[in-house]
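# Descriptive structure summary
In case you want the letters, here they are:
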Amino acid sequence: MRHPIIDVRSLSRSFGTLTAVRDVSFQVHRGSIFGLLGPNGSGKSTIIRMLLGILPPSDGDASVLGMNVKDEAEQIKPRVGYMSQQFSLYGDLSVQENIDFYGRIYGLDRNRLSHRRDVVLSLTGLHDRVEQLAGTLSGGWKQRLALACSLIHEPDVLFLDEPTAGIDPVARRDLWDLLFELSGRGVTLFVTTHYMDEAERCSEVGYIFESQLLVLGKPHELKRLPAVNPSGTRRYEIRLPNPARHLPALRDLPEVHDATLFGESIHLLLDDTRSPEEVLAGLGLVAHDEAREIAPSLEDVFVTLTRNAEERAESSLVTPKTEPSARDPAPSGQSAFQESSGEDESQPTSTADDDDDFTPIDPTERNDQGTWNGLWAVLLKELVHIRRQPTTLFFMLVVPVMQTIIFGYAIDTQIEHIPTVVFNMDGRQVSRELTSAFENTRRFQIIGHVWDEESFQRALSSGRAKVGVRIPPNYVDQLLRGEQTRLQVLIDGSDSQVATTAQSTAQLLGKNLSIQMATAKGEALQLAPARTASGQSALPIEVRTRLLYNPDLESSHFFVPGLVGIILQLVTLFLTSFAVVREREIGTLEQLFVTPVGRTGLLLGKLLPYALVGFVAFLTVLVVMIYVFGVEIRGSISLLFVLSMLFMICSLGLGLLVSTLAKTQLEAMQFAFVIMLPSVLLSGFVFPRSEMPFPIYLITFAIPATYYIEILRGVVLRGADFIDLIPWIFGLIVCGVLVITLSVFRFQKRLKV
Ligand SMILES: Nc1ncnc2c1ncn2[C@@H]1O[C@H](COP(=O)(O)OP(=O)(O)OP(=O)(O)O)[C@@H](O)[C@H]1O
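Residues numbered from 1 in each chain as written. Predicted model: local features only at pLDDT ≥ 70, side-chain atom pairs only at ≥ 80, totals over all residues.

## As for the overall build of the chain
Per the secondary structure count, the chain includes 27 helices and 19 strands. In the chain, the proportion of contacts linking residues at least 24 apart, taken out of those at least 6 apart, comes to 75%. (Helix = DSSP H or I, 4+ residues; strand = E, 2+ residues; numbered from the N terminus. Contact = placed C-beta atoms within 7 Å.)

## Re the site of the ligand
Close contacts around the ligand come from 13 residues, with Phe15, Ala20, Asn40, Ser45 and Thr46 the closest. It is helix H1 (residues 44-51) that contributes the most residues to the shell around the ligand, three residues altogether. Classifying every residue of the shell around the ligand by side-chain character gives four nonpolar, eight polar and one charged. (Near = placed C-beta within 6 Å. Nonpolar A, V, L, I, M, F, W, Y, C, P; charged D, E, K, R; others polar.)

## Looking at the environment of glutamine 389
Considering the arrangement of structural elements, one finds glutamine 389 in the loop between helix H14 (375-388) and helix H15 (390-410). Separated by 278 residues in sequence, glutamine 389 and glutamate 667 place their C-alpha atoms 10.0 Å apart.

## A short note on the sheet that holds strand E18 (residues 485-492)
The strand order E16-E15-E17-E18-E19 describes an open sheet built from five strands, whose pairing is mixed. Since the sheet does not close on itself, it has two edges, and those belong to strand E16 (444-449) and strand E19 (541-548), each with one partner. Between one strand axis and the next, the sheet turns through 25 degrees on average, direction left out of account. Pairing geometry for strand E15 (residues 418-424) and E16, over five bridges, is parallel. Paired with isoleucine 418 across the two strands is phenylalanine 444, which belongs to E16. Together, E15, E16 and strand E17 (467-471) form the strand contacts of helix H16 (residues 429-440), whose direction differs from that of E16 by roughly 135 degrees. Running over the sheet, helix H17 (residues 453-461) touches E15, E17, E18 and E19 and is turned about 160 degrees from E17. (Pairing = 2+ DSSP bridges. Axes fitted to C-alpha atoms, helices over the stretch in contact; angles between N-to-C directions.)

## Description of the sheet that holds strand E13 (residues 265-271)
Read across the open sheet, the four strands follow the order E12-E13-E11-E14; overall the sheet is antiparallel. Edge positions in the sheet fall to strand E12 (256-262) and strand E14 (292-293), since each of these pairs with one other strand and no more. In this sheet, E13 lies alongside E12 in antiparallel orientation, the contact comprising six bridges. Directly across from valine 256, in E13, lies its bridge partner leucine 270. Packed onto the sheet, helix H9 (residues 243-252) meets E12 and E13 and runs at close to 170 degrees relative to E12.

## Section: the packing of helix H23 (residues 637-661) against helix H27 (residues 722-746)
Contact pair H23 / H27: the axes reach a minimum separation of 8 Å and the direction vectors enclose 25 degrees. For the element pair H23 / H27, the angle class is roughly parallel. Between H23 and H27 the crossing geometry is left-handed. Across the interface between the two elements, Leu639, Leu643, Leu646, Phe647, Ile649, Cys650, Gly653, Leu654, Leu656, Leu657 and Thr660 of H23 pack against Phe722, Ile729, Leu732, Ile733, Cys735, Gly736, Val739, Ile740, Leu742, Ser743 and Arg746 of H27. The class makeup of the residues in the contact of H23 with H27 is 17 nonpolar, four polar and one charged. (Parallel < 35°, antiparallel > 145°, perpendicular 65-115°, else oblique. Left-handed = near helix turned anticlockwise from the far one by under 90°.)

## Quick word on the pairing of E15
Of all seven residues making up E15, six are buried, and the element is well covered by its neighbours. In this fold, the crossover linking E15 to E16 by way of H16 has right-handed handedness. Relative to E17, E15 runs parallel, the two sharing five bridges. For phenylalanine 423, the partnering residue across the bridge sits in E17 and is arginine 470. (Buried ≥ 20, exposed ≤ 12 C-beta atoms within 10 Å, placed from the backbone. Right-handed = clockwise from strand over helix to strand, strands pointing away.)

## Overview of unusual backbone geometry
Although it is not a glycine, glutamate 162 adopts a positive phi angle of roughly 45 degrees. Position of glutamate 162 relative to the elements: it lies in the loop between strand E7 (157-161) and helix H6 (169-184). Look at glutamate 162 and you get partly exposed, because 19 C-beta atoms sit within 10 Å. We note that serine 211 has phi near 75 degrees; this positive angle belongs to a residue other than glycine. With respect to the helices and strands, the residue serine 211 is situated in the loop between strand E9 (204-209) and strand E10 (212-217).

## Let's talk about the confidence of the model for the chain
Scored by pLDDT, the chain comes out at a mean of 80, with 87% of its residues at no less than 70. Of the regions scoring below 50 in pLDDT, residues 319-361 engages in 49 contacts with residues more than four places distant in sequence or in other chains. For residues 749-753, every residue scores under 50 in pLDDT, and the model assigns this stretch 10 contacts once sequence neighbours within four places are set aside. Model confidence for the complex is summarised by a pTM of 0.66, with the ipTM given as 0.96. (pLDDT = per-residue confidence, 0-100.)

## Remarks on H1
For H1, a buried count of seven out of eight residues is recorded, marking the element as mostly surrounded by other parts of the structure. The complete set of buried residues in H1 reads Lys44, Thr46, Ile47, Ile48, Arg49, Met50 and Leu51. Backbone geometry just after H1 places glycine 53 at a positive phi near 80 degrees.

## Describing H27
For H27, built from 25 residues, the straight-helix expectation of 36 Å at 1.5 Å per residue is met to within 8% by its first-to-last C-alpha distance of 33 Å. At tryptophan 728, H27 is deflected by roughly 40 degrees, the largest bend along its length. Along H27, the residues classified as buried are Asp724, Leu725, Trp728, Ile729, Gly731, Leu732, Cys735, Gly736, Val739 and Ser743. Contacts from the buried residues of H27 go to H17, H23 and helix H26 (704-718). (Expected span 1.5 Å × (residues − 1). Bend = angle between axes of the 7 residues up to and from the residue.)

Right, dumping it as structure tokens:
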């Protein structure tokens with residue numbers, strides 16, 4: 001028994017409420033050329049996608065080469081080739097680079113690839129153009145290249161979705177010659193087309209109309225169908241002047257069963273009791289030459305079947321009292337099939353008189369409407385575009401409001417609540433009052449107390465605290481003895497803005513406290529003010545500030561390390577998201593999905609080059625930071641590199657996530673901006689996070705750049721080590737795992753449906 005190469009059983013596919021393919025069944029045998037015909041939107045491409053295993057059927061079943069399309073799609077892919085409807089190869093790669101790419105995807109080794117390349121180049125006649133960029137080839141040559149790529153792995157079955165759409169008749173004929181050659185070599189061909197002459201060349205043809213397969217068979221069998229040749233009728237070809245104009249009148253005649261326009265002539269299905277000359281004479285018409293009796297063409301077959309299907313559909317909608325007549329014109333006056341027929345059968349649309357004259361438009365008249373012409377039309381069209389794109393509306397209306405509110409609240413240049421840690425070695429009531437005095441200025445916020453020197457230093461080097469207040473053990477004693485006491489305030493100088501505020505506030509506070517104490521003591525106890533060791537009078541409290549990490553308060557030292565993070569994210573996020581969306585837009589992603597390329601292979605293959613570019617960008621910015629801005633790296637460079645790689649993985653994941661959300665490059669750009677803006681404004685890169693309102697401060701923890709910028713500043717400016725950075729590293733890992741999981745999960749190796 002002969003097993004079919006393609007076996008389709010009651011296959012259906014719906015998109016929401018739309019049924020694109022309904023209960024379709026057919027079989028295709030080895031070495032045959034199966035042609036699937038049908039008007040636009042009838043479901044041809046949907047059937048191919050299901051057979052290729054990139055679109056799951058809603059119902060029914062199908063197998064290709066004996067393998068089920070639902071469960072064994074991955075096994076089918078290495079054995080089939082696919083030429084999609086639009087040119088979906090890489091325009092910026094040469095002919096050879098495109099062919100080699102597909103050869104490698106199908107796992108051909110170097111020798112085999114070289115051999116197969118020669119075979120497909122000579123088969124398609126492309127050997128003179130191997131160096132030419134694919135994007136610069138003409139339509140016919142692009143199709144040849146697409147064919148070459150789809151044949152590189154010697155597939156058993158080749159699916160060609162409208163392979164000749166948009167190419168000239170000679171190129172069409174050449175391509176069909178190639179297909180015949182392939183069929184002769186045993187390749188099974190599944191071709192969709194709108195062209196009747198192509199349908200005639202197929203060994204078997206299926207005609208699909210409004211998602212249903214109307215008829216299936218060999219072309220000569222279809223022409224003998226009783227529905228196409230009703231008994232008591234004959235078919236004639238008549239040539240009239242301006243035939244389109246007389247078509248309605250002919251169709252209205254009771255003896256005319258069907259009248260269809262074919263270029264300059266009409267195919268008339270007539271009662272065999274009447275002659276065409278009689279019928280024409282009745283309408284006062286004279287044919288150009290004698291009417292010719294003809295056998296039905298395939299186009300006659302499909303037009304008739306389409307009409308019958310339309311009439312059946314209409315009669316099931318309209319109250320079924322009156323029997324619809326086979327002669328009734330299709331609702332549009334023309335069948336759907338005719339509308340989609342090819343260039344060979346182009347129909348005259350002129351309504352000019354019989355003499356076919358036309359009056360040329362005076363060129364001066366054309367200019368009368370002026371430069372404003374079309375404004376209204378273009379304006380309305382653009383408004384419709386905007387209305388139809390919910391994401392654009394979202395980015396235009398919702399995002400700006402959200403951003404204004406968030407950034408408006410977050411961006412407050414007044415410095416308050418500087419995180420401060422206290423090392424109180426005295427611990428008595430008066431020393432605690434001093435701590436409160438710091439907090440009462442509102443500039444400092446005491447985030448904790450430490451009890452040993454190491455914790456004190458770590459609080460600062462980890463970046464948890466920006467200020468450290470060290471109260472000496474004999475603070476109260478010295479005050480009571482009337483001696484001057486020294487209060488040490490260590491300030492993280494990385495952010496010059498925060499450091500200057502902390503420095504001046506601390507010194508002012510010391511002076512104010514001293515004056516208060518001196519005044520109080522002097523008035524109440526009649527005591528002299530404090531004296532220095534040498535006996536000179538002095539303020540009781542001396543605040544000694546010391547700027548750590550960036551003693552010269554260079555603002556570039558603060559910004560440049562952060563900039564490294566922002567640039568690294570910018571490069572990787574934009575490059576990755578654009579790279580994937582571009583492939584989706586030009587259709588090459590679909591082309592890749594039908595190859596055996598693995599999900600991980602596709603993902604890593606796409607991401608690694610951008611990771612490399614991102615890494616080079618990172619190194620470059622680091623070199624500029626050190627040699628141009630003079631910011632040296634105090635901490636471990638290897639730690640910095642490892643953590644930078646972690647952040648880069650996170651950014652690549654974000655780029656991938658954007659690519660799964662956006663359908664176009666424009667959308668990808670908008671999404672990327674929505675991610676970049678908070679990374680710049682809320683991550684602490686420009687404005688200190690401690691100054692932000694609490695809800696926004698919480699949001700900053702959801703931004704991976706927040707953690708990386710803290711890590712960068714820690715390692716570069718403060719020489720922070722792994723222990724110092726544990727909370728930030730942990731945060732970055734959590735962000736990375738979440739982003740990568742989400743993006744890989746969304747990056748399904750399936751078409752978006
Ligand atoms: N991903 C999708 N989401 C929603 N509808 C879809 C999708 N893909 C196809 N359709 C719809 O399914 C129907 C069949 O489409 P299909 O592309 O299979 O038609 P076709 O016969 O190949 O048309 P053409 O000859 O114009 O290429 C159409 O109405 C189309 O709009």
